[in-house]
Amino acid sequence: MSLPPSSSTERPVVQLLTKPGCHLCADARAVLSEVTGRLGHSWEDVDVSEHPELAARYAEEIPVLMIDGVQRDFWRIDAARLERLLTA
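Residues numbered from 1 in each chain as written. Predicted model: local features only at pLDDT ≥ 70, side-chain atom pairs only at ≥ 80, totals over all residues. Heavy atoms only, no water.

Colleague: Explain the overall build of the protein chain to me, please; I cannot follow it from the model alone.
Modeller: Looking only at helices and strands, the protein chain has 3 helices and 4 strands in total. Ordered by position from N to C terminus, the α and β elements of the protein chain give β-α-β-α-β-β-α. With 88 residues in all, the protein chain has 33% of them scored as buried. Counting only carbon and sulfur atoms, one obtains 52% of the accessible surface of the protein chain, whose full area is about 5,000 Å². (Helix = DSSP H or I, 4+ residues; strand = E, 2+ residues; numbered from the N terminus. Buried < 20%, exposed > 50% of the residue type's maximum accessible area, 1.4 Å probe, protein only. Areas by Shrake-Rupley, 256 points an atom, 1.4 Å probe, with all protein chains shown as cover.)

Following this line, the structure appears as structure tokens:
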């Protein structure tokens, strides 16, 4: 499964790769909800247990922040960095 990029005229596609039982994923969801909510962006939670190819590729880095199909952060999502990426 490849993650879809957006065109330059659209808002960035923000995805968080997660897995069940992941405490860092819960923290990352909170950061994404706060920052994207404040900026008026949306984001998608992608459960890698439903996508074996993503689970294999990112197994040791979950949670992973993807923006427009590009890995931008993992493990702990930095709110300030996320905001910079979304407003650049």
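Colleague: Teacher, can you tell me more about the state of the cysteines here?
Modeller: Working definition of a disulfide: a covalent bond connecting the sulfur atoms of two cysteines. Within this structure, the stated rule accounts for 1 disulfide. Note that Cys 22 is cross-linked by a disulfide to Cys 25, the S-S spacing being 2.4 Å. Every disulfide takes its handedness from the sign of the S-S torsion; for Cys 22 and Cys 25 that torsion is 85°, giving right-handed. Residue Cys 25 is classed as buried on the basis of its relative accessible area, which comes to 0%. (Disulfide = S-S within 2.5 Å.)

Colleague: What exactly am I supposed to notice about the nonpolar core here?
Modeller: Core analysis: the biggest nonpolar cluster contains 11 residues, these being Leu 17, Cys 22, Leu 24, Cys 25, Val 46, Val 48, Leu 54, Tyr 58, Ile 62, Val 64 and Met 66. Every element with two or more residues in this core is listed here: helix 1 (23–39), helix 2 (52–58) and strand 3 (64–67). Membership of the second largest hydrophobic core comes to 10 residues, among which are Val 14, Leu 16, Val 35 and Leu 65. (Core = buried A, V, L, I, M, F, W, Y, C linked by side-chain atoms within 4.5 Å.)

Colleague: Mind showing me how you'd approach helix 1 here?
Modeller: With 17 residues, helix 1 should reach 24 Å at 1.5 Å per residue; the first-to-last C-alpha distance of 25 Å fits that figure. Every buried residue of helix 1 is listed here: Leu 24, Cys 25, Ala 28, Leu 32, Val 35 and Thr 36. Looking straight down helix 1, one finds that the buried residues subtend no more than 105° of arc, so they occupy a single side. Residues of helix 1 that are exposed and angled more than 90 degrees away from the buried face: His 23 and Gly 37. (Expected span 1.5 Å × (residues − 1). Arc of directions from axis to C-beta.)

Colleague: Where do I start with the pattern of salt bridges in this structure?
Modeller: Pairs may arise between side chains of opposite charge once their charged atoms sit close together. Evaluated as defined, the whole model comprises 5 salt bridges. Between Asp 27 and Arg 76 there is a salt bridge whose closest N-O contact spans 3.6 Å. Within this pair, whereas Asp 27 is found in helix 1, its partner Arg 76 is found in the loop between strand 4 (70–74) and helix 3 (79–87), the two being separated by 49 residues in sequence. You can call Asp 27 partly exposed: its relative accessible area is 39%. Its relative accessible area of 57% is what places Arg 76 among the exposed residues. For Glu 83, the salt bridge goes to Arg 38, with nearest N and O atoms at 2.9 Å. Taken together, the residues Glu 83 in helix 3 and Arg 38 in helix 1 connect sequence positions 45 residues apart. Judged by its relative accessible area of 27%, Glu 83 falls in the partly exposed class. Of the residues examined, Arg 38 reaches a relative accessible area of 46% and is grouped as partly exposed. Taken together, the shared-partner salt bridges in this structure form one network comprising Glu 34, Arg 38 and Glu 83. (Salt bridge = Lys/Arg side-chain N within 4 Å of Asp/Glu carboxyl O.)

Functional significance is not addressed by these values, which are geometric in nature.
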